[in-house]
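# Fold and contact review
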Amino acid sequence: MIRLPAPKLAFAMLALALPLAACGGGKERPKADLAASKITTIGVNSYLWRASLDTLSFMPLVQTDSNGGVIVTDWYINPAAPTERVKVTVMILDQDLRADGLRVSALREVNQGGQWVAAPVKAATVQKLEDAILTRARDLRRGSVAG
């Protein structure tokens, strides 16, 4: 067995690998990446992740974990309704762009006599947020496929 010093060994391995890299069978690479989440460094679907951040961009963020797919906002007070505030959590559950790969939850509080008191969140509010995120994710995917 011949032992080469580390730099020469690396060069020899590279020299052997280069001719094999050209053996693609003449196939072209696809122009659009339909499974972007499979090659990114984040652990969840990249379209859902980007769409969630875009949709919640008006709210201050407390926590973002792209590997776990969790986004938590801080309390947001709408200037038009200063006596109530909302906090949102988005969980991306899958690497595929699917409606059931997204879960949104919200907390709502109202100010009563200087104290913030828990109040119910309308189911339609959470549904509208999910729809907005999914619509944005589809638009992002369409844009990457077309472009």
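The preceding data block contains the structure.
Analysis parameters
- Residues numbered from 1 in each chain as written.
- Predicted model: local features only at pLDDT ≥ 70, side-chain atom pairs only at ≥ 80, totals over all residues.
- Heavy atoms only, no water.
- Pairing = 2+ DSSP bridges.
- Helix = DSSP H or I, 4+ residues; strand = E, 2+ residues; numbered from the N terminus.
- Buried < 20%, exposed > 50% of the residue type's maximum accessible area, 1.4 Å probe, protein only.
- Contact = heavy atoms within 4.5 Å.
- Polar contact = N/O pair within 3.5 Å; in protein donor to acceptor, adjacent residues only side chain to side chain.
- Salt bridge = Lys/Arg side-chain N within 4 Å of Asp/Glu carboxyl O.

## A short note on the pairing of strand β6 (residues 115-119)
Of the strand pairs in this sheet, strand β5 (residues 102-112) and β6 are connected by 5 bridges, and their pairing is antiparallel. Bridge pairing links R108 to A119 in β6. Counting the residues in the hairpin turn of β5 and β6 gives 2 residues, including G113, whose phi is positive at 60°.

## Some thoughts on helix α2 (residues 46-55)
Among the 10 residues that make up α2, 8 are buried, leaving the element largely enclosed by the rest of the structure. Of the residues making up α2, those classed as buried are S46, Y47, L48, W49, A51, S52, L53 and T55. Looking at the buried residues of α2, the elements they touch are β1 (61-65), β2 (70-73), β4 (84-92), β5 and α3 (123-146). Taking the backbone nitrogen of Y47 as reference, a side-chain oxygen 2.9 Å away marks N45 as the first, capping residue of α2.

## Concerning the pattern of salt bridges
Close approach of charged atoms lets side chains of opposite charge pair. Per the counting criterion, the structure on display carries 7 salt bridges. When the shortest N-O distance is used, the salt bridge between D100 and R98 registers 2.6 Å.

Everything listed here is a matter of coordinates, which is why it stays silent on function.
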